[in-house]
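Coordinate inspection notes
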Amino acid sequence: MLRNRRGQMNTGEQSPVSTHHESTQEDDRLSEGDSQSLNGTSAQHDQGIYSPNNEAQSTAFFLLVVLLSFSTRLYKIMEPPHVCWDETHFGKMGSYYINRTFFFDVHPPLGKMLIGLAGYMTGYDGTYPFLKPGDKYEHHNYWGMRGFCASLGSCLPPFAYLTVLELSQSPTAALITAAVLAFDTGCITISQYILLDPILMFFIMGAVLSMVKFNRQRYRPFSAPWWFWLVLTGVNLSGALGVKFVGLFVILLVGMNTAWDLWSLLGDLHLSLIDFGKHVLSRVFGLILLPLFLYVTIFAVHFVVLNKSGPGDGFFSSAFQSRLIGNNLHNASMPEYLAYGSIITVKNLRIAGGYLHSHWHLYPEGVGAKQQQVTAYLHKDYNNMWLVHRSNDSDAQSGEPDLVRHGDIIQLEHKETTRNLHSHLHEAPLTKKHFQVTGYGINGTGDPNDLWQVEVCGGRKGDLVKVLRSKVRFLHRATGCVLYSSGKTLPKWGWEQVEITCSPYLKETPNSQWNIEDHINAKLPNISLSVLKPHFLEILLESHIVMIRGNSGLKPKDNEMNSKPWHWPINYQGLRFSGVNETEYRVYLLGNPVIWWLNLVSLGLYVVIVAVASLGLLWTPCCRVLTYGSAHPILTVYICFSLCLSKPCSFYMFHPLSYGMRGPLAHDPDSTMAGLKWMDSWEF
């Protein structure tokens, strides 16, 4: 006798539950053909997937897919020999890794790290500036970075082949799926350049393949292949998220699959609770703890490699910057307490809040008073410098200067333009319920609207202002508002810098809190700032907050082409990767329209067939014949017939989009693309 999970003795009598369970098992023992049509998950089916002929055919198909994929992606990989589209960003970031220069990007670092590593391993020295699209590479070695991205992109059709083969057990279906990807001009183009997309798709499709392979091992739990595919799924999940945050979607997919898998195991009365617990813990390890550890490790390597000051410093806190070699705060020393007569920079404590900044440009007509602009600027700049004066302008003196204290009334004079920080009752440019902040006066001479009261957050009257460590607010004496960084990006007239306002809402928030970062005063003794260096978890958290806020602030610029979400599935609009006119080498990102549109028709037909079959099942069990006996073959025959008619003809017609075009444009009868501009929105 056996004891089931509830502790009941299994005797000759069978409970309704066990009878149903065994009945279900009997139903699952179908013929091999029926099993393939339903779900293909029985143990017998796992052990007898292929005959020798089918296995040989599958191997031959796979090798063909590999050959097609790598040949279509690596062909003309050196063309064009100039910067194309976003290579100007990701190639430059690869150079930063080689030079160990810190930068900021809205995506996690793995993709850029791998690009930099590929360049370094193939002889690129990191000296090319990647200034703008169209710049010639000349003697610089760029093929390694392009080749690396193309190689990962070349893995997508083989991954698709293996995934569909596991799901359908049909080499033919798997070959068709892989061929669709191999001959798609859009997939080829996106894979041939120094971009994050092929790296991201490599990990996403790798995660899906590993998940499917792991599901096929369900009858051999805790075996070596079972552990291998579980761990590999976790590795690919960390890779996908480590390249772009959109990798969260494949994590969601794997998570739902895992939840369903565990729910099925929970319902298996032949599985003890101890064994079920082992299944849960193994998945927690392989799909949560391992990916999390690898993801954190990616950032640890990122921080170790990028240890030199660079263009990304200003996005981060003063404490973060103090760890970067070459930054003015690294191993620096400066006066500990703020004093009158000091030259300072003032940094907003909101992540990516920026430095208090001004320049000679005025607010335009119709935007408050036509006075000098005051903004927040995310980068270090001489226009971030301010002079600290007493309210009565009597700080010039001999001997040791007086220190600024909580409650003092001060003026801040912009060092470059000599105008005072000023506010009044005009509304702010973007945040209409706030007041405008400007630069006013000349050589420190202004009016009472230039006066600000210093408030040390959590302090008392008479407390000193500590450089870098004190959180400070500046209260406008005339209006009672507080100096505020809204985080909103100004239009072009404001150089797309961040809006500074004076907020009438006095609640303490990071937007209204500031710290003194740079502090120059030759009359005061200096102290070391090495004590300010943050630990790893602090910089990990801060980097994610900055990335998330950077992503939320992304929006197309006025001169940038943008598309709507519905444009891409229907292939409505492409994207110029290189060149515009007849004399230039032109590359245009556009999916193979024959493949894309047939795919849409196939998806629609599939929905119709499933809907009809599902309605039929509600009426009679006999309709299972329709669902499992005819619907799938009908759809398969349709797809096979349609796609076989289009390969390799459509690829031959549209391949110049990927591999480059010169000469007349598509509207010219002499063009290589003559007659192929089927939609007016296509711009080749």
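Predicted, not measured: the structure shown is a model, and the values here were computed from it. Every chain begins its residue count from 1, and numbering advances along the sequence as written. The predicted nature of this model means local features are confined to residues of pLDDT at least 70 and side-chain atom pairs, given and counted, to a pLDDT of 80 or more, with totals for whole chains, interfaces and linings taken over all residues. The basis for the side-chain values is all heavy atoms of the structure; hydrogens and waters are excluded.

1. Some remarks on the nonpolar core
Keep this limit in mind: Residues enter a nonpolar core if they are buried and are Ala, Val, Leu, Ile, Met, Phe, Trp, Tyr or Cys, with the set joined through side-chain atoms within 4.5 Å. A 1.4 Å probe rolled over the protein chains alone gives each residue an accessible area, and that area as a share of the maximum for its type sets the label: buried under 20%, exposed over 50%, partly exposed in between. The helix and strand labels rest on DSSP assignments: H or I over at least four residues marks a helix, E over at least two residues marks a strand, and numbering proceeds from the N terminus. Any pair of residues with heavy atoms lying within 4.5 Å of one another is described as a contacting pair.
Judged by nonpolar contacts, the single largest core of 72 residues is most densely connected at Ile115, Phe130 and Phe577. Among the elements that make up this core, the one with the highest residue count is helix 11 (residues 197-215) (11 residues). Those residues within four positions of Phe577 in sequence are excluded, and the remaining contacts are Cys84, Trp85, Thr189, Ile190, Tyr193, Leu195, Val587 and Leu589. Listed in part, the 35 residues of the second largest apolar core include Leu338, Leu412, Val456 and Leu468.

2. Topic: the pattern of salt bridges
To keep it simple, the criterion reads: A side-chain nitrogen of Lys or Arg and a carboxyl oxygen of Asp or Glu constitute a salt bridge if their distance falls within 4 Å.
Scanning the entire structure with this criterion turns up 12 salt bridges. A salt bridge links Lys213 to Glu166; the shortest N-O distance between them is 2.8 Å. Of this pair, Lys213 sits in helix 11 while Glu166 sits in helix 8 (residues 156-168), placing them 47 residues apart in sequence. Given the relative accessible area of 13%, Glu166 is considered buried. Arg390 is paired through a salt bridge with Asp402; the nearest N and O atoms lie 2.2 Å apart. Separated by 12 residues along the polypeptide, Arg390 in strand 5 (residues 386-390) and Asp402 in the loop between strand 5 and strand 6 (409-414) bring together distant segments of the chain.

3. Some remarks on the state of the cysteines
Stated precisely, the cut-off is as follows: Pairs of cysteine sulfur atoms within 2.5 Å are what we label disulfides.
Applying the stated rule across the entire model yields one disulfide. A sulfur-sulfur distance of 1.9 Å marks the disulfide that ties Cys481 to Cys502. On the sign convention where negative is left-handed, the bridge of Cys481 and Cys502, at about 95° about the S-S bond, is right-handed. You can see Cys481 sitting in the loop between strand 10 (472-476) and strand 11 (482-489) and its partner Cys502 sitting in strand 12 (residues 498-503), a full 21 residues away along the chain.

4. Observations concerning the UniProt feature "transmembrane region" (unreviewed entry) in the protein
Heads up, the condition is: UniProt positions are given in the numbering used here, feature names are shortened, and annotations may be inferred rather than shown by experiment.
Here the UniProt-annotated "transmembrane region" (unreviewed entry) positions come out as residues 102-123, 199-215, 227-260, 280-306, 594-619 and 625-645. As annotated, residues 199-215 has a helix share of 100% and a strand share of 0%, and its two end C-alpha atoms lie 24 Å apart. Between the first and last C-alpha atoms of residues 227-260 the distance is 19 Å; the span itself is 88% helix and 0% strand.

5. Structural notes on the packing of helix 7 (residues 143-154) against helix 11
In plain terms, the rule: With axes taken as lines fitted to C-alpha atoms, and helix axes fitted only over the stretch in contact, angles between N-to-C directions fall between 0 and 180 degrees. Note on convention: near helix rotated counterclockwise from far helix by under a right angle means a left-handed crossing. Clockwise means right-handed. Basically, the charged four are Asp, Glu, Lys and Arg, the nonpolar ten are Ala, Val, Leu, Ile, Met, Phe, Trp, Tyr, Cys and Pro, and anything else, Gly included, counts as polar.
In contact at an axis separation of 8 Å, helix 7 and helix 11 are set at 30° when each is read in the N-to-C sense. By crossing handedness, the relation of helix 7 to helix 11 is classed as left-handed. Two secondary-structure elements touch here, helix 7 through Phe148, Cys149, Leu152 and Gly153 and helix 11 through Pro198, Ile199 and Phe202. Of the residues belonging to the contact of helix 7 with helix 11, the class tally is six nonpolar, one polar and no charged.

6. So, the packing of aromatic side chains
Selection criterion: For this analysis, a ring pair means two rings from Phe, Tyr or Trp (six-membered ring only for Trp) whose centres lie within 6.5 Å, classed as stacked if their planes differ by under 30 degrees, edge-to-face if by over 60, and tilted for the remaining angles. Over a ring means this: the NZ of a Lys or the CZ of an Arg is within 6 Å of the ring centre and within 35 degrees of the ring normal.
Inspection of the entire model under this criterion finds 37 aromatic pairs. Where Phe104 meets Phe315, the ring centres are 4.4 Å apart and the plane angle is 25°; that geometry is what we call stacked. Here Phe104, found in the loop between helix 5 (87-99) and helix 6 (110-121), pairs with Phe315, found in the loop between helix 14 (273-305) and helix 15 (318-321); they are 211 residues apart in sequence, far enough to count as distant. For Phe104, a relative accessible area of 18% corresponds to the buried category. In this structure Phe315 comes out as buried when scored by relative accessible area, which is 13%. One aromatic cluster is present, formed by Phe102, Phe104, Tyr295, Phe299, Phe303, Phe315, Phe316, Phe320 and Phe536 through successive ring pairs. In this structure, Lys347 is placed above the aromatic ring of Tyr355, and the distance from its NZ or CZ to the ring centre is 5.3 Å. One Lys or Arg, Arg390, reaches over the ring of Tyr340 and ends 4.3 Å from the middle of that ring.

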